[in-house]
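Secondary and tertiary structure notes
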Amino acid sequence: MSTTPFGTRTQSVPTQTTSPMPYGRYRAFPPIDLPDRTWPAARITHAPRWLSTDLRDGNQALIDPMTPARKHKMFALLVKMGYKEIEVGFPSASQTDFDFVRQLVERDLIPDDVTISVLTQAREDLIERTAESLAGARAGTIHLYNAVAPLFRRVVFKVDRDECVNIATRGTELVMKYAEQHLGDVEFGYEYSPEIFTSAELDFSVEVCNAVMEVWQPGPGREIVLNLPATVEVATPNVYADQIEWFSRHVDHREHVAISLHPHNDRGTATAATELGLMAGADRVEGCLFGHGERTGNVDLVTLGMNLFSQGIDPKIDFSDIDEIRRTVEYCTGLPVHPRHPYAGDLVYTAFSGSHQDAIKKGLEDLDRKAAAAGVPVAELDWEAPYLPIDPHDVGRSYEAVIRVNSQSGKGGVAYIMKSEHQLELPRRLQIEFSRTVQTHTDGEGGEIGPERLWEIFSAEYLGRTTPLRLTEVVSASSAGGRDSITARVQDRGTERTVSGEGNGPVSSFVDALSGLGYHVRVLDYAEHALSAGGDALAAAYVECEVGQGDNSVVAWGVATDANIVTASLKAVISAVDRAIG
Ligand SMILES: CC(=O)SCCNC(=O)CCNC(=O)[C@H](O)C(C)(C)COP(=O)(O)OP(=O)(O)OC[C@H]1O[C@@H](n2cnc3c(N)ncnc32)[C@H](O)[C@@H]1OP(=O)(O)O
Ligand SMILES: CC(C)C(=O)C(=O)O
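Residues numbered from 1 in each chain as written. Chains lettered and ligands numbered in written order. Predicted model: local features only at pLDDT ≥ 70, side-chain atom pairs only at ≥ 80, totals over all residues.

1. Notes on the overall build of the protein chain
Secondary structure assignment for the protein chain yields 17 helices and 14 strands. For a compact globule of 582 residues, the expected C-alpha radius of gyration is about 25 Å, and the protein chain comes in at 34 Å, more than 25% above that figure. Taking the principal axes of its C-alpha atoms as reference, the protein chain extends roughly 105 × 70 × 40 Å. Put simply, of all contacts in the protein chain between residues at least 6 apart along the chain, 65% involve residues at least 24 apart. (Helix = DSSP H or I, 4+ residues; strand = E, 2+ residues; numbered from the N terminus. Rg over C-alpha atoms; globule rule 2.2 N^0.38 Å. Contact = placed C-beta atoms within 7 Å.)

Here you go:
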């Protein structure tokens, strides 16, 4: 600790203490030897090929796997959104899975531009059943996997490297054999996944994939999808990118290979890993809507697609009704989407805190001004608004929920809701005054103050005041030779009085009239506006007044609405007097 020139003491830097957790049991993932890596300088310029595995990896990780009805709903959603490759299940797993694929085929539910795929282990009986499931489809892909990482070779399969390669090549041969038997008329595709790619030796993954290709024989018009899964995410996203670039450089027949990413989210970095993987040269991405899937889930296709969208890149997927997508996925999976989920959560376009609200309000007003100046709707302007990476309207959200008021809120948020929900454009100092009133309620009541409650508080504070004064009637108001005069009837502490005054406008005339009753009022600020368009429009008036004299005077705002703007302004003066004195 030391002392500053101003005499205050500076803080010492806090030190974290050693965690009691057994971190020593874990090892850092070794870096990939790729000093000339090129991916860090790459840019994503277009959407990859997408495959949704909601109905397979997503479904296999649910507490209650989807019923056939829910699977159909999910399939229809994926098609509607624009996914062209959809993994629809693991048909050899159960009769339900098999029947679902058959229903899609037999009921002709697969659009011509959509290709379904089905997953299988490299076991003969399972492969045959899998091939049978696709019979009669226009197009279909069989996706075969076996684990290639050392831990799995040793513990799960008890095989050496050659035997592991053999599982993959033998599986591929069997896929081709049963495809020939059952899928003569089907436009048939093949996908192979060296499962646990992220933990496998890179040269071995390439060796297995090259061996698989020796069997499949890719070539022009006969691609192979090599899917490189982060079955378990084990390292920082840059390591995945290195692995993808290394693989892409070393694998045979690269021009006929679609390199596919299948990231899981164990470290919470699946989105980043996918984006870096694409920069590293991958062509295709497999994932699930909202990141469903094993453990922490597959990479979230919504976040990935919307990340592209927010960079001005066509995601080739329609997210324009994100709430409908969210509701459907919640219904199908039985799991809620987190309120803070990127782009889709309930709260992700909402600001409660004062400085955020202030900036957002100014940003939206700036867009409104620009749109008015250009004579186009805001939706046609380039988007630029503080704290809002995209326009909520673009995903079907309204601005209503953008600003919500609680104890963290400031005048900007309160003013925004008064304007957007109640059409009142409070002058700046009134915003400050009213937000202090609101603060006493949020502190006292806790939680959120919705637009209706805000209106109740505002009405009670400004509009519902009747003591000591109440305006009963404006008897006459005239203007001649630059002077205004007014005669009005008011109730002063319950007694009806008629007062008259003169001034250089109706408000100053009224203030003059009130002085006859002993009320000393000085107008400090005045604003008015129409509340709505049309002949029967209401007007709102806001008056800041100093009421009383000398040390006992009080400054207060008054607000009123009326069909007649003169009446509204006089009522606003009364509102200020009543607030100051009552
Ligand atoms: C990373 C992933 O998500 S992979 C996809 C995982 N998804 C699923 O497993 C869902 C569907 N699966 C199932 O319903 C079942 O596993 C079935 C019906 C396919 C098979 O069930 P079972 O025959 O009971 O076998 P089980 O799943 O326990 O398989 C384990 C056996 O298959 C072997 N095996 C596992 N994966 C593979 C594979 N990809 N290729 C070949 N053999 C494999 C294992 O080594 C083990 O062999 P062992 O019995 O000789 O020790
Ligand atoms: C079958 C493969 C692609 C898989 O789901 C994984 O490795 O996560």
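Further notes follow.
2. Things to note about the nonpolar core
One finds Val543 and Val573 to be the most contacted residues of the largest nonpolar core, which totals 145 residues. For Val573, the residues in contact, after removing those within four places along its chain, are Val507, Phe510, Val511, Val521, Val543, Cys545 and Gly558. (Core = buried A, V, L, I, M, F, W, Y, C linked by C-beta atoms within 7 Å. Buried ≥ 20, exposed ≤ 12 C-beta atoms within 10 Å, placed from the backbone.)

3. Things to note about the UniProt feature "binding site: Mg(2+)" (unreviewed entry) in the protein chain
Mapped onto this numbering, the UniProt entry gives "binding site: Mg(2+)" (unreviewed entry) at Asp57, His262, His264 and Asn298. Of the residues just listed, which span 242 residues, no C-alpha pair is farther apart than 10.3 Å, and they cluster in one region. By the element assignment, His262 lies in strand S7 (residues 257–263). Setting aside anything within four residues of it in sequence, one finds His262 in contact with Ser193, Asn227, Pro229, Ala230 and Glu286. Its place among the elements puts His264 in the loop between S7 and helix H9 (270–279). Judged by the 24 C-beta atoms lying within 10 Å of it, His264 is buried. Once residues within four sequence positions are removed from consideration, His264 is found in contact with Ala230, Thr231, Val232, Glu233, Ala270, Gly293, Glu294, Arg295, Thr296, Gly297 and Asn298. (UniProt positions renumbered as here; feature names shortened; annotations may be inferred.)

4. Some words on the domain arrangement of the protein chain
We note that the domain assignment places domain 1 (46–333), domain 2 (349–402), domain 3 (407–461) and domain 4 (465–581) within the protein chain. Of note, the centres of domain 2 and domain 3, computed from C-alpha atoms alone, are 20 Å apart. Taken together, the residues of the side of domain 2 that touches domain 3 sort by class into three nonpolar, four polar and three charged. (Domains from an automatic or database assignment. Nonpolar A, V, L, I, M, F, W, Y, C, P; charged D, E, K, R; others polar.)

5. Some points on the site of ligand 2
Taken together, Asp57, Leu119, Tyr145, Ser193, Glu195, Asn227, Pro229, Thr231, His262 and His264 make up all the residues around ligand 2. Looking at the shell around ligand 2, the elements that each hand over two or more residues are strand S5 (187–195) and strand S6 (224–230). Considering only residue class, the shell around ligand 2 consists of three nonpolar, five polar and two charged. (Near = placed C-beta within 6 Å.)

6. What about the pairing of strand S11 (residues 495–503)?
Examined bridge by bridge, strand S10 (residues 483–492) and S11 share nine bridges and lie antiparallel to one another. Counted as the bridge partner of Ile486 is Gly501 from S11. Hairpin connection between S10 and S11: a loop of two residues separates the two successive antiparallel strands, and Arg493 in this loop has a positive phi of roughly 45 degrees. (Pairing = 2+ DSSP bridges.)

7. Points about the packing of helix H4 (residues 124–133) against helix H6 (residues 161–182)
It is at 9 Å that the axes of H4 and H6 come closest, and there the two elements cross at 35 degrees. The element H4 and its partner H6 pack so that their crossing is right-handed. Contacts from Glu124, Ile127, Glu128, Ala131 and Glu132 of H4 reach H6 at Gly171, Leu174, Val175, Tyr178, Ala179, Gln181 and His182. Partitioning the contact of H4 with H6 into residue classes produces six nonpolar, three polar and three charged. (Axes fitted to C-alpha atoms, helices over the stretch in contact; angles between N-to-C directions. Left-handed = near helix turned anticlockwise from the far one by under 90°.)

8. Section: the sheet that holds strand S9 (residues 469–480)
The three strands are arranged S9-S10-S11 in an open sheet whose pairing can be described as antiparallel. Edge positions in the sheet fall to S9 and S11, since each of these pairs with one other strand and no more. Averaged over all adjacent pairs, the angle separating strand axes in this sheet is 15 degrees, with direction ignored. In this sheet, S10 lies alongside S9 in antiparallel orientation, the contact comprising 10 bridges. Along S10, the bridge assignment pairs Ala480 with Arg483. Relative to S11, helix H16 (residues 506–515) is tilted by about 130 degrees, and along the sheet it contacts S9, S10 and S11. Set on the sheet, helix H17 (residues 565–581) makes contact with S9 and S10; between it and S9 the angle comes to about 135 degrees.

9. Some words on the environment of His256
Structurally, His256 is set in the loop between helix H8 (237–250) and S7. Along the sequence, His256 and Glu180 sit 76 residues apart, while their C-alpha atoms lie 21 Å from each other.

10. Comments concerning the site of ligand 1
Around ligand 1, the surrounding shell holds 17 residues, and the nearest of these are Phe90, Ala93, Gln121, Ala122 and Asn146. Those elements that place two or more of their residues in the shell around ligand 1 are helix H1 (54–60), strand S4 (139–147) and helix H5 (150–157).

11. Considerations on the UniProt feature "domain: Pyruvate carboxyltransferase" (unreviewed entry) in the protein chain
According to UniProt, the positions carrying the feature "domain: Pyruvate carboxyltransferase" (unreviewed entry) are residues 48–323. A distance of 24 Å separates the end C-alpha atoms of residues 48–323, which is 45% helix and 19% strand.

12. Comments concerning the sheet that holds S4
Judged by pairing direction, the barrel is parallel, and its eight strands sit side by side in the order S1-S2-S3-S4-S5-S6-S7-S8 before closing back on the first. The average undirected angle you get between the axes of adjacent strands in this sheet is 25 degrees. Sheet topology note: the S4/S5 ladder contains nine bridges and is parallel. Note on S5: the bridge partner recorded for Ala139 is Glu187.

13. Some thoughts on the pairing of strand S13 (residues 539–547)
The element S13 is largely enclosed, with a buried count of seven among its nine residues. In terms of strand pairing, strand S12 (residues 521–530) meets S13 through nine bridges, oriented antiparallel. Bridge pairing in S13 links Ala527 to Tyr542. Looking at chain direction, S13 and strand S14 (residues 554–562) are connected through nine bridges and run antiparallel.

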